[in-house]
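Residue strings, one per chain:
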Amino acid sequence: MSQAKPSTLGTAVITGASSGIGKVYADRLAARGYDLLLVARRRDRLQAIADDLQARFSVKVGVLVADLAQPSGLSETMQKLSSDPAITLLVNNAGTSSVVPVSQVSLDTITNLVALNVTALTALTRAVLPHFLERNSGTIVNIGSVVGFSGYPWVPIYGATKAYVLNFTQGLKQQLAETAIRLQFVAPAATVSEIWDTMGVPLSSLGAGVVMTTEDCVDAALTGLDNGEFITAPSVHDNSLVQEFEKTSSALLAATQNDQPAPRYGIRK
Ligand SMILES: NC(=O)c1ccc[n+]([C@@H]2O[C@H](COP(=O)([O-])OP(=O)(O)OC[C@H]3O[C@@H](n4cnc5c(N)ncnc54)[C@H](OP(=O)(O)O)[C@@H]3O)[C@@H](O)[C@H]2O)c1
């Protein structure tokens with residue numbers, strides 16, 4: 001950490017801050033005046049980003065090197081987050097993907113996807129909540145994906161982890177409805193980042209006009225947050241689709257509250 005005074009905005013924790021979307025969040029939140037805690041596995045990358053942001057924005061930037069897919073790295077990070085009352089914003093961004101067909105995928109890959117995209121995001125949310133509840137303030141931004149809206153053949157396991165992120169964030173928002181804690185689900189579509197290298201899919205193989213820059217994605221997501229959006233899908237121009245999706249899914253849930261099987265099943269009592 002630098003010798004700068006603590007930020008009046010508090011500390012923003014960004015997981016997966018060593019590249020891509022998380023790195024841009026780090027830049028934008030430092031520019032807004034947040035102190036930062038950057039979490040990822042690659043120490044050299046994190047330290048270079050921290051040095052740069054401290055020099056440019058005179059904020060305090062801490063680095064936590066942790067593998068969030070491993071119980072030891074996750075529990076160390078939980079401990080750090082739950083013991084720091086200065087944290088006011090958590091960006092659960094670290095995530096990974098795989099395009100290996102379900103019939104061929106290894107147990108390690110399945111385990112890693114769920115550990116990082118689901119377990120770590122849930123556990124870190126759990127870690128910050130007690131302080132947020134005590135203060136009745138704080139913001140949690142969960143990075144999902146557009147493939148969390150509907151199953152997608154390329155990435156059924158990854159998509160399902162992102163559907164979890166959406167469902168978890170929706171349920172938690174309702175659980176915290178009486179508080180001033182803010183939640184946002186961000187659903188990027190194809191965005192320039194290293195995740196495509198991880199998957200072994202060249203970005204050039206995607207159609208023209210579908211890949212957003214990382215900067216545009218994060219800037220749109222932060223504007224969505226400022227505007228009080230719950231679901232932010234930067235690439236969706238017709239936001240009524242998002243609103244209809246939210247309305248239809250909660251109407252479907254409400255319609256399930258019936259002890260009688262629907263007439264179409266022909267069960268007569
Ligand atoms: N890019 C897209 O097209 C796209 C679309 C939809 C959603 N998203 C979501 O956006 C988020 C950010 O991804 P990105 O696109 O920016 O990809 P990225 O450049 O690959 O960034 C992933 C970040 O997560 C970190 N990470 C990976 N495994 C980790 C682990 N086990 N423990 C701790 N940190 C780990 C990586 O850092 P280290 O390697 O240093 O650990 C890196 O900082 C992800 O949740 C992803 O699912 C991306």
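Residues numbered from 1 in each chain as written. Predicted model: local features only at pLDDT ≥ 70, side-chain atom pairs only at ≥ 80, totals over all residues. Heavy atoms only, no water.

A few points about the overall build of the protein chain
For step 1, the next point in the chain: Looking only at helices and strands, one finds eight helices and seven strands in the protein chain.
For step 2, the next point in the chain: Taken along its principal axes, the extent of the C-alpha atoms in the protein chain is 75 × 45 × 40 Å.
For step 3, the next point in the chain: Counting the 269 residues in the protein chain, one finds 45% classified as buried.
For step 4, the next point in the chain: Within the protein chain, contacts between residues separated by at least 24 positions form 69% of all contacts whose residues are at least 6 apart in sequence.
For step 5, the next point in the chain: Accessible surface, the protein chain: about 13900 Å² in total, of which carbon and sulfur atoms supply 54%.
For step 6, the next point in the chain: Taking the average place of the 20 positive charges on the side chains of the protein chain and the average place of its 22 negative ones, the gap between the two points comes to 4 Å. (Helix = DSSP H or I, 4+ residues; strand = E, 2+ residues; numbered from the N terminus. Buried < 20%, exposed > 50% of the residue type's maximum accessible area, 1.4 Å probe, protein only. Contact = heavy atoms within 4.5 Å. Areas by Shrake-Rupley, 256 points an atom, 1.4 Å probe, with all protein chains shown as cover. Lys, Arg positive; Asp, Glu negative; His and termini not counted. Charge placed at Lys NZ, Arg CZ, Asp CG, Glu CD.)

Points about helix α3 (residues 71–82)
For step 1, the next point in the chain: For α3, which comprises twelve residues, the first-to-last C-alpha distance of 16 Å matches the rise-based estimate of 16 Å (1.5 Å per residue) to within 8%.
For step 2, the next point in the chain: Buried residues along α3 sit against β1 (11–15), β2 (35–40), β3 (61–65), β4 (87–92) and α4 (107–135). (Expected span 1.5 Å × (residues − 1).)

Topic: the packing of α4 against helix α5 (residues 156–175)
For step 1, the next point in the chain: Running from amino to carboxyl end, α4 crosses α5 at an angle of 15 degrees, the nearest separation of the two axes being 9 Å. Between α4 and α5, the angle is such that the two are roughly parallel. Classified by chirality, the crossing of α5 by α4 is right-handed. Contact residues: α4 offers I110, L113, V114, N117, V118, L121, T122, T125 and L129, while α5 offers I157, Y158, T161, K162, Y164, V165, F168 and L172. (Axes fitted to C-alpha atoms, helices over the stretch in contact; angles between N-to-C directions. Parallel < 35°, antiparallel > 145°, perpendicular 65-115°, else oblique. Left-handed = near helix turned anticlockwise from the far one by under 90°.)

Examining the site of the ligand
For step 1, the next point in the chain: R41, D67, N93, Y158 and S193 are the nearest of the 30 residues found near the ligand.
For step 2, the next point in the chain: At 2.7 Å from an oxygen atom of the ligand is found a main-chain nitrogen or oxygen belonging to N93.
For step 3, the next point in the chain: Measuring from an oxygen atom of the ligand, one finds a side-chain N or O atom of W196 at 3.0 Å.
For step 4, the next point in the chain: Across the complex, the protein chains shield 95% of the 880 Å² of accessible surface that the ligand would expose by itself.
For step 5, the next point in the chain: Cavity membership is defined here by more than half of the atoms lying within 2 Å of grid points; on that basis the ligand lies in the largest pocket.
For step 6, the next point in the chain: Only α1 (20–32), α5 and α6 (195–199) provide two or more residues apiece to the shell around the ligand.
For step 7, the next point in the chain: Of the residues contributing to the shell around the ligand, the split by class is 15 nonpolar, ten polar and five charged. (Near = heavy atom within 4 Å. Polar contact = N/O pair within 3.5 Å; in protein donor to acceptor, adjacent residues only side chain to side chain. 1 Å grid on protein atoms, 1.4 Å probe; cavity = no way out; pocket = protein on both sides within 12 Å on 5 of 7 lines; lining within 4 Å. Sits in = over half its atoms within 2 Å of the grid points. Nonpolar A, V, L, I, M, F, W, Y, C, P; charged D, E, K, R; others polar.)

Regarding the sheet that holds β2
For step 1, the next point in the chain: Taking strand neighbours across the sheet as the criterion, the seven strands line up as β3-β2-β1-β4-β5-β6-β7 in an open arrangement whose pairing is parallel. In this open sheet, the two edge strands, each paired with only one partner strand, are β3 and β7 (231–232).
For step 2, the next point in the chain: Bridging between β4 and strand β5 (residues 139–143) involves four bridges; their strand directions are parallel. Following the sheet pairing, L89 is matched in β5 by T139.
For step 3, the next point in the chain: Running at roughly 175 degrees to β3, helix α2 (residues 43–57) makes contact with β2 and β3 of the sheet. (Pairing = 2+ DSSP bridges.)

Looking at the side chain of S193
For step 1, the next point in the chain: Assignment of secondary structure puts S193 in the loop between β6 (182–186) and α6.
For step 2, the next point in the chain: For S193, the side chain forms a polar contact with the main-chain nitrogen of I195, separated by 3.1 Å.

Some words on a nonpolar patch on the surface
For step 1, the next point in the chain: Residues L107, I110 and V114 make up a contiguous nonpolar surface patch of about 250 Å² in total accessible area.
For step 2, the next point in the chain: By the element assignment, L107 lies in helix α4. (Patch = residues over 30% accessible without salt bridge, like charges linked within 9 Å, V, L, I, M, F, W, Y side chains within 5 Å. Salt bridge = Lys/Arg side-chain N within 4 Å of Asp/Glu carboxyl O.)

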